[in-house]
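Here is what each chain is made of, one letter per residue.
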Amino acid sequence: MKQFTIVFHIFISLLVIVSISSTNAQSSNTDATMTLNSFEKGGSGGGPSECDGHYHSDDTLIVALSTRWYSGGQRCFKNININYSGRTVQAMVVDECDSTRGCKDNIVDASKAVWKALAVPKSEWGETSVTWSDA
């Protein structure tokens, strides 16, 4: 009976973890506004990245997500797919775009490497409509 109780508790714990994980997953494309951000020291992103406390090169495919999508850090170092005008690129989440500090709740804040990889015309750099999903 004791073994059954232990196995039962482990099973229930795993169900809770799977339930939480699937609740936060973005398996389908979600509409968002992509903004341009610098993740380098002295750049427009402000301080170091929330996920690791470091600055990152703007030549890296990285993003910050709005607070609700950042999910308390659950997406740290995970890749997302970003879609723009028939093109898709994968970028790693390294930061939060803090919605309590003025960031809208639908933002994918991307490095210049992401903008270049998606071939966004320079005239649209700064803010454009995209969709995204978990990779």
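Shown above is the structure to which this text applies.
Please read all numbers here as calculations on a predicted model, not as lab measurements.

## A few points about the nonpolar core
Then, number 1: Ranked by internal contacts, the top residues of the largest apolar core, which has 23 residues, are M34, V63, L65, I82, V108 and V114.
Then, number 2: Counting 7 residues, the second-largest nonpolar core is a separate cluster that includes I62, A64, V94 and C103.

## Considerations on the packing of aromatic side chains
The geometry of an aromatic ring pair is captured by the separation of the ring centres together with the interplanar angle, meaning the angle of the planes.
Then, number 1: A complete count under the given rule lists 2 aromatic pairs for this structure.
Then, number 2: Pairing W69 with W132 gives two aromatic rings, centres 5.2 Å apart and planes at 65°, and the pair type is edge-to-face. In this pair, W69 sits in helix α2 (residues 67-70) while W132 sits in strand β6 (residues 127-134), placing the two residues 63 residues apart along the sequence.
Then, number 3: Assessed through its relative accessible area of 4%, W69 is described here as buried.
Then, number 4: Ring centres of W115 and W125 lie 5.9 Å apart, and the angle between their planes is 50°; on these two criteria the pair is classed as tilted. Pair noted here: W115 is in helix α3 (residues 112-117) and W125 is in the loop between α3 and β6, with a separation of 10 residues, a long-range link. Each member of the pair, W115 together with W125, is buried.

## Focus: the state of the cysteines
Then, number 1: Using the criterion set out here, one finds 2 disulfides in the structure.
Then, number 2: Across the protein chain, the disulfide pattern expressed with sequentially numbered bonded cysteines is 1-2, 3-4.

## Considering the side chain of S49
Then, number 1: One can find S49 in the loop between β1 (30-36) and β2 (62-66).
Then, number 2: You can call S49 buried: its relative accessible area is 4%.
Then, number 3: Contact partners of S49, with chain neighbours within four places excluded, come to F39, H54, H56, V94 and D95.

## Side note on the sheet that holds β6
Then, number 1: One closed barrel holds the 6 strands; their spatial order is β1-β5-β2-β4-β3-β6, and the pairing between them is mixed. Neighbour-to-neighbour, the strand axes of this sheet turn through a mean angle of 45°, independent of strand direction.

## Remarks on the pattern of salt bridges
Then, number 1: What the rule picks out here adds up to 4 salt bridges.
Then, number 2: Two residues, R68 and D105, come together in a salt bridge whose shortest N-O distance is 4.0 Å. With R68 in helix α2 and D105 in the loop between β4 (87-97) and β5 (107-110), the pair connects residues that are 37 residues apart, well separated along the chain.

Criteria and cut-off values
- Residues numbered from 1 in each chain as written.
- Predicted model: local features only at pLDDT ≥ 70, side-chain atom pairs only at ≥ 80, totals over all residues.
- Heavy atoms only, no water.
- Core = buried A, V, L, I, M, F, W, Y, C linked by side-chain atoms within 4.5 Å.
- Buried < 20%, exposed > 50% of the residue type's maximum accessible area, 1.4 Å probe, protein only.
- Phe/Tyr/Trp six-rings, centres within 6.5 Å; stacked < 30°, edge-to-face > 60°.
- Helix = DSSP H or I, 4+ residues; strand = E, 2+ residues; numbered from the N terminus.
- Disulfide = S-S within 2.5 Å.
- Contact = heavy atoms within 4.5 Å.
- Pairing = 2+ DSSP bridges.
- Axes fitted to C-alpha atoms, helices over the stretch in contact; angles between N-to-C directions.
- Salt bridge = Lys/Arg side-chain N within 4 Å of Asp/Glu carboxyl O.

These values are about where atoms sit, not about what they do.
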